[in-house]
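# Descriptive structure summary
What follows is each chain in one-letter form.
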Amino acid sequence: MKNVFLSLAFLASVSLISFTSPTSNNTSKGSETFAPKGSFKILNDTGSKLSIYTGSGYVTLNNGSSTSVSCNTGKKVYTASKGTKDDFLFEIESSMCGTTVRLSDYL
């Protein structure tokens, strides 16, 4: 009986350790969070709400919000309105992978 109790206590402690260990796909540098290497973040720092086409779909970003985008080099990002592409912003480059791209740099 004593062995059963010790075995159950051991299993319970191992389970708790595995549930409480922090895991994250993002890495931090200073106060800015970067996306994983297979993607990058687009941050709307323009001061107003903006819709964009990310090369694979349409996203509306409030000021200060961001979206994570797959790092598909060669895809083009545009401003958007009513579900259609508008003005060209930039082409996704491999150097963008794992970083945060600020929209104000392209407007």
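Read on for an overview of the structure. Keep in mind the model is a prediction, meaning the values are calculated, not measured. (Residues numbered from 1 in each chain as written. Predicted model: local features only at pLDDT ≥ 70, side-chain atom pairs only at ≥ 80, totals over all residues. Heavy atoms only, no water.)

## Things to note about the overall build of the protein
- Of regular secondary structure, the protein possesses one helix and nine strands.
- Along the protein, from the amino end to the carboxyl end, the secondary structure elements read α-β-β-β-β-β-β-β-β-β.
- Out of the 107 residues belonging to the protein, those deemed buried represent 28%.
- Of all intrachain contacts in the protein linking residues separated by at least 6 positions in sequence, the fraction that spans at least 24 positions is 49%.
- Surface exposure of the protein reaches about 7,200 Å², of which carbon and sulfur atoms provide 54%. (Helix = DSSP H or I, 4+ residues; strand = E, 2+ residues; numbered from the N terminus. Buried < 20%, exposed > 50% of the residue type's maximum accessible area, 1.4 Å probe, protein only. Contact = heavy atoms within 4.5 Å. Areas by Shrake-Rupley, 256 points an atom, 1.4 Å probe, with all protein chains shown as cover.)

## Some words on the sheet that holds strand E7 (residues 76–81)
- If you walk across this open sheet you meet the four strands as E5-E4-E7-E8, and the pairing is antiparallel. Two strands lie at the open edges of the sheet, namely strand E5 (58–61) and strand E8 (84–91), each paired on one side alone. Neighbour-to-neighbour, the strand axes of the sheet open up by a mean angle of 35°, direction not taken into account.
- Note that E7 and E8 share five bridges and pair antiparallel. The residue bridging Ala 80 from the neighbouring strand is Lys 85, located in E8. (Pairing = 2+ DSSP bridges. Axes fitted to C-alpha atoms, helices over the stretch in contact; angles between N-to-C directions.)

## Things to note about the pairing of E5
- Bridge count between strand E4 (residues 50–53) and E5: four bridges; the pairing is antiparallel. Counted as the bridge partner of Tyr 53 is Tyr 58 from E5.
- Remark: four residues form the turn of the hairpin made by E4 and E5, two consecutive strands paired antiparallel; Gly 55 in that turn has positive phi of roughly 100°.

These results come straight from atomic positions and should not be treated as a statement about function.
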